[in-house]
Amino acid sequence: MDSQSKLSLLYKHIKREIYEELYVSMNIIKHLRSLLTQLRSSTLPLEIETGRCYGITREQRICKQCYLNVIENEQHFLFDCP
């Protein structure tokens with residue numbers, strides 16, 4: 001699945017309308033704004049992305065931050081990972 005399709009699927013679950021997010025114009029620290037931007041653009045270094053760069057099969061891109069033994073993707077990172 002290409003990145004445009006993946007982003008579209010994620011956005012359909014999270015956002016219903018297109019509008020500028022509050023964090024874009026808020027006075028928040030640069031590091032946090034950068035993390036939010038990386039998450040929205042699928043460039044956050046999650047196993048689903050970094051594993052692809054290293055030739056790791058999708059099934060082996062397991063979250064190293066928790067005990068759930070599941071693939072670390074955006075949905076897991078946001079909603080499931082304790």
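The structure under discussion appears in the preceding block.
Values in this document were obtained by computation on a predicted structure and should not be read as measured data.

## Quick word on the overall build of the protein chain
Each helix and strand in the protein chain was counted, giving 5 helices and 0 strands. Helices and strands appear in the protein chain in the N-to-C order α-α-α-α-α. For the protein chain, the proportion of contacts with a sequence separation of at least 24, taken over those separated by at least 6, is 35%. Carbon together with sulfur atoms contributes 55% to the accessible area of the protein chain, which is approximately 6,500 Å² in total.

## Some remarks on unusual backbone geometry
A positive phi angle, near 55 degrees, is found at N69, a position not held by glycine. Position of N69 among the secondary structure elements: in the loop between α4 (47-53) and α5 (74-80).

## A closer look at a nonpolar patch on the surface
Taken together, the side chains of I14, F77, L78 and F79 present a nonpolar region at the surface, about 380 Å² in accessible area. Considering every element that reaches the nonpolar patch, the biggest residue donor is α5, with 3 residues. Counting through the fold element by element, I14 comes out in helix α1 (residues 3-14). Residue I14 is classed as partly exposed on the basis of its relative accessible area of 43%.

## A short note on the environment of I14
Put simply, I14 and Q75 are 61 residues apart on the chain and 9.8 Å apart in space, counted from C-alpha to C-alpha. In this structure, I14 is in contact with L78 and F79, ignoring residues within four places of it in sequence.

## Some remarks on the environment of C81
Following the sequence through the fold, C81 ends up in the segment after α5. By relative accessible area, C81 is classed as partly exposed at 23%. With 13 residues separating them in the primary sequence, C81 and L68 have C-alpha atoms 7.7 Å apart. Those residues in contact with C81, other than ones at most four positions away along the chain, are C63, Q65, C66 and H76.

## Details of the side chain of E47
Within the secondary structure layout, E47 lies in helix α4. By relative accessible area, E47 is classed as buried at 13%.

## Points about the state of the cysteines
Applying the stated criterion to the full structure yields 0 disulfides. The structure places no disulfide on C63, whose sulfur is separated from the nearest cysteine sulfur, that of C66, by 3.8 Å.

## So, the side chain of E72
Mapped onto the secondary structure, E72 falls in the loop between α4 and α5. Summary of buried charges: E72 has no salt-bridge partner, and the nearest side chain of opposite charge, K64, is 7.6 Å away.

Reading the values: rules and limits
- Residues numbered from 1 in each chain as written.
- Predicted model: local features only at pLDDT ≥ 70, side-chain atom pairs only at ≥ 80, totals over all residues.
- Heavy atoms only, no water.
- Helix = DSSP H or I, 4+ residues; strand = E, 2+ residues; numbered from the N terminus.
- Contact = heavy atoms within 4.5 Å.
- Areas by Shrake-Rupley, 256 points an atom, 1.4 Å probe, with all protein chains shown as cover.
- Patch = residues over 30% accessible without salt bridge, like charges linked within 9 Å, V, L, I, M, F, W, Y side chains within 5 Å.
- Salt bridge = Lys/Arg side-chain N within 4 Å of Asp/Glu carboxyl O.
- Buried < 20%, exposed > 50% of the residue type's maximum accessible area, 1.4 Å probe, protein only.
- Disulfide = S-S within 2.5 Å.
- Lys, Arg positive; Asp, Glu negative; His and termini not counted.

Functional significance is not addressed by these values, which are geometric in nature.
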